[in-house]
Amino acid sequence: MTMGFLVQFVAFILLTWFPSMRAEEIKSSSQPCDFPAIFNFGDSNSDTGCMAAAFYPEVLPYGETFFHEPVGRASDGRLIIDFFAQHFGFPFLSAYINSIGTSYRHGANFAAGSSTIRRQNRTFFEGGTPFTLEIQTEQFNQFKERTGKFFKRARKNSFIRHFPRPEDFAKAIYTFDIGQNDIAAAINNVGKEDSHAVISEIVDYFANQVQNLHGLGARTFWIHNTGPIGCLPVAMPIHNAKNHTPEAGYLDQNGCVNYQNDMAREFNKELKNIVVKLRAQFPNASLIYVDMFSAKYELISNTNKEGFVDPSKICCGYHEDGYHLYCGNKAMINGREIFAGSCDDPSKYISWDGVHYTEAANRWITNRILNGSFSDPPVPITHSQFVVAVISLSQLLSIGAEEIKSSQPCGFPAIFNFGDSNSDTGCMSAAFYPAALPYGETFFNEPAGRASDGRLITDFIAKHLGLPYLSAYIDSIGSSYSHGANFAAAASTVRRQNRTIFDGGSPFNLEIQVAQFIQFKTRTAKFYKQGQGNSFPRPEDFAKAIYTFDIGQNDIAAALQRMGQEDSAAVISDIVDQLSNQIIYLYSQGARTFWIHNTGPIGCLPVAMPIHNAYNYTPVAGYLDQNGCVVYQNDMAKEFNRKLNDTVAKLRAVYLDASFVYVDMFSAKYELISNAKKEGFVDPSKICCGFHEGGNHFFCGNYNATINDTEIYAGSCKDPSSHISWDGVHYTDAANSWIANRIVSGSFSDPPVPITHSCSLA
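Residues numbered from 1 in each chain as written. Predicted model: local features only at pLDDT ≥ 70, side-chain atom pairs only at ≥ 80, totals over all residues. Heavy atoms only, no water.

(A) Molecular detail of the sheet that holds strand S4 (residues 220-224). The sheet built from six strands is open, its strands ordered S2-S1-S3-S4-S5-S10 with mixed pairing. Each edge of the sheet is formed by a strand with only one pairing partner; in this case those strands are strand S2 (107-109) and strand S10 (375-376). Here strand S1 (residues 38-42) pairs with S2 via three bridges, running parallel. Each bridged residue has a counterpart across the sheet, and for Phe 39 the counterpart in S2 is Ala 108. Where helix H9 (residues 258-281) meets the sheet, it contacts S4, strand S5 (286-290) and S10, and its direction lies at approximately 165° from that of S5. (Pairing = 2+ DSSP bridges. Helix = DSSP H or I, 4+ residues; strand = E, 2+ residues; numbered from the N terminus. Contact = heavy atoms within 4.5 Å. Axes fitted to C-alpha atoms, helices over the stretch in contact; angles between N-to-C directions.)

(B) A look at empty space enclosed by the protein. In the structure shown here, the tally under the stated rule is eight cavities of 30 Å³ or more. When residues of the lining of the second largest cavity are traced back to their parent elements, those giving at least two are helix H4 (80-88) and strand S3 (173-177). When the residues that make up the lining of the second largest cavity are grouped by side-chain class, the tally is seven nonpolar, eight polar and two charged. (1 Å grid on protein atoms, 1.4 Å probe; cavity = no way out; pocket = protein on both sides within 12 Å on 5 of 7 lines; lining within 4 Å. Points joined across faces, edges and corners; volume = space filled by probe spheres on them. Nonpolar A, V, L, I, M, F, W, Y, C, P; charged D, E, K, R; others polar.)

(C) Region of the structure containing the packing of aromatic side chains. Within this structure, the stated rule accounts for 65 aromatic pairs. Centroid distance Tyr 623 to Tyr 632: 6.1 Å. Interplanar angle 45°. Geometry classified as tilted. Accessibility expressed as a relative area gives 25% for Tyr 623, which makes it partly exposed. On the accessibility criterion, Tyr 632 (34% relative accessible area) is partly exposed. Over the ring of Phe 66 we find Arg 78; its NZ or CZ atom is 3.8 Å from the centre of that ring. Over the aromatic face of Trp 364 sits the side chain of Arg 368, whose NZ or CZ is 3.8 Å from the ring centroid. (Phe/Tyr/Trp six-rings, centres within 6.5 Å; stacked < 30°, edge-to-face > 60°. Buried < 20%, exposed > 50% of the residue type's maximum accessible area, 1.4 Å probe, protein only. Lys NZ or Arg CZ within 6 Å of the ring centre and 35° of its normal.)

(D) How the structure looks around the environment of Arg 265. Note on placement: Arg 265 falls in helix H9. The class of Arg 265 is partly exposed, set by a relative accessible area of 32%. Considering only alpha carbons, one finds Arg 265 and Gln 385, 120 residues apart in sequence, at a separation of 27 Å.

(E) The arrangement of the pairing of strand S14 (residues 593-597) in detail. Among the five residues of S14, five are classified as buried, and the element is accordingly described as predominantly covered. Residues Thr 593, Trp 595 and His 597 line one face of S14 and the alternating positions Phe 594 and Ile 596 line the opposite face, and both faces are buried. Judged from the four bridges that link them, strand S13 (residues 546-550) and S14 form a sheet pairing that is parallel. By the bridge assignment, Tyr 547 is partnered in S14 with Phe 594. Two strands pair when backbone bridges link them, and S14 and strand S15 (residues 659-663) are joined in this way by five bridges, in the parallel orientation. What sits directly across from Phe 594, in S15, is Phe 660.

(F) Quick peek at helix H11 (residues 359-369). The element H11 is extensively covered by neighbouring structure, given that eight of its eleven residues are classed as buried. Along H11, the residues that are buried comprise Glu 359, Ala 360, Ala 361, Asn 362, Trp 364, Ile 365, Thr 366 and Ile 369. Buried residues along H11 sit in contact with H4, S4, S5, helix H10 (292-301) and S10.

(G) Inspection of the pattern of salt bridges at higher detail. Applying the stated criterion across every chain, the model contains 26 salt bridges. Here Asp 541 ties to Arg 538 by a salt bridge, and the two come within 2.9 Å at their closest N and O atoms. Exposure remark for Arg 538: the relative accessible area of 42% places this residue in the partly exposed category. For Arg 642, the salt bridge identified is with Glu 639, shortest N-O distance 2.7 Å. On the criterion of helical spacing, the pair formed by Arg 642 and Glu 639 is a turn pair, its members being three residues apart in helix H21 (residues 631-654). In this pair, the class of Arg 642 matches that of Glu 639, namely buried. Through salt bridges with shared partners, a single network forms among Glu 266, Glu 270, Glu 639, Arg 642 and Lys 643. (Salt bridge = Lys/Arg side-chain N within 4 Å of Asp/Glu carboxyl O.)

(H) Here's a closer look at helix H20 (residues 568-588). If you check H20, its first and last C-alpha atoms are 30 Å apart, about what 21 residues at 1.5 Å a residue would give, namely 30 Å. The residue sitting at the N-terminus of H20 and contributing the capping side-chain oxygen is Asp 567; that oxygen lies 3.1 Å from the backbone nitrogen of Ala 569. (Expected span 1.5 Å × (residues − 1). Polar contact = N/O pair within 3.5 Å; in protein donor to acceptor, adjacent residues only side chain to side chain.)

(I) View of the state of the cysteines. Under the criterion given, the structure shown has seven disulfides. Across the disulfide from Cys 231 sits Cys 256; the S-S distance is 2.0 Å. Judged by the torsion about the S-S bond (110°), the Cys 231/Cys 256 disulfide is right-handed. With a gap of 25 residues between them, Cys 231 in the loop between S4 and H9 and Cys 256 in the loop between S4 and H9 connect regions that are remote in the sequence. By relative accessible area, which is 4% here, Cys 231 ends up buried. Overall, the relative accessible area of 0% leaves Cys 256 in the buried class. Linked covalently through their sulfurs, Cys 315 and Cys 343 form a disulfide whose S-S length is 2.0 Å. Judged by the sign of its S-S torsion, about -85°, the bond between Cys 315 and Cys 343 is left-handed. Linking Cys 315 in the loop between H10 and strand S6 (317-320) with Cys 343 in the loop between strand S9 (336-339) and H11, this pair joins segments that are 28 residues apart in sequence. You'll find Cys 315 and Cys 343 in the same group, each marked buried. (Disulfide = S-S within 2.5 Å.)

Structure below.
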């Protein structure tokens, strides 16, 4: 049995087994993980006594429902982490900081109220905490080291029975519920800092700590995203002002603050992406992403049905007319002494104190997430350790590039490509006006329907797979389609256009390209039935082929032109949704291996740079990055790429018998641009073919242009191989070769597999 076959077989069996089984079936038909311990990291949502032990203990009515006394928890009773411990048959976790009467035999809790992932600049007296995630991880490191010493020095001492055995650390589950306070801080700083950059930094900090814990032996990670912060009652206008009617769109249908929840969702998207990357980095570990936002929001959306009062109501505390007196406190308000006590029946409330949940709500949420209904992959917490195998590529990713090469490659019989001018090999030239010299001069020595001096990335992909260059579907002259067809067309978009060819548009958007493929496949089958299929793929080749995509750049360019006139975030979501719909349609037609490029750094295209658009113009600070690229344009491309990556991940989860590889073309191209001189290219702002000066743009090959009574010929440079940009928008043969060499190896892919082995993911 070859390594390639074994990987495919194991991946198929495990991936189809787990998601297809109900929670009850999993419990009855396979053994649970039998975790010996839990180690938890978080904030007040899972703090079981850290801040109470380190600073001031809480007072009644905290803890009144279950414990009948304060026990260091921000609730009337148990937290979600308590229900986890109970589910595993463990005692409740003791806080690491709490040294009085504690036992750590089955784990420890490092969570601390007010904690953040990033370092803080606030003291405890200003509402901060010294116990950020970085410190919690360091506390764990110290806990593990000291526990190891106890076992080495006192094996027969009864003292060690209060600590996990050294071998338990690798077998334990590591749970995380942190980030809400980071998001709250970012919300407070909206307009003062770049929220996207802040969220990316928060997630990067989080990833660093997960990596540190992996280095210390952790192998099973259960990671909660952040909840709907805009649904916390203290955030709602009803508790903050008299007779205030929010403007339309400020609140959603449940009374939650939209912009706050949107920021939480953005964090969650980034977090999910980083979890996916960590899985690829650590194939011997299990990383479960838990959608706590959706679980909590489901409860908030169905309060009456689930037996709770209105979700805006707060059980404990006084929150009226902008006054906030938190649970258990006393104060004089308008000449009247107020005690912020609790409600008669906390079990009817979702919110305990305006920020934290009641025991009843925590129990409801726990019951929803324990069975894997809100997890990715969708496995129960009791079986989350098995996901080391379910991640599906653990063997493939751990055997290294050299060993992968030694296994059998996919042997794709055909390529079907969909895209725009970055991969059009002749469609627009055949359908409308052919490209003229100097296009094609370097490699083909004549125009070949490509927007370059030579080959495109799709040409190099075909060469790498041992296949001939793809013929354009529209090109009927001398074409052979025995190894696939190219449906890409210059100027094409994912969405439908309202521009004609004469306005710079294309009639061949992605929807039409897919329709062309359907027609191609149908007609090919008829030819084979009639014994006339020699120039076409065999019917069985369609399922075994690779389907490549490089489209979206023109959609982003259009969105950039309309900034301020429409909601860019909504437009990007619509673009990605429509791209996803076409991929799903191709899947329904038998496609199984998808190689999907994200969009490149559009702000680095030389025609976008001020240097080619105005004389003596100095852009404002922050307009350009260190490479002279336009920042806001690249930011929009990055936003598109984030959503595309998230969508590809969802497609993987739904279509388990298919392979979806997301290729970070942005990073590959940006790496070349950042290292142009090192890689033997001239300044990346320089354009080989065309005239682009002072706002005058005469594109490659145009004759008889006159500027200031001077006739201009927009010809090519002497050495295209030294340039990255061919015509200000498209790349040279040399640059395309450089980029293709980087991406075919899998270095910029998620999962990181070579294109020759990308079918192995299905």
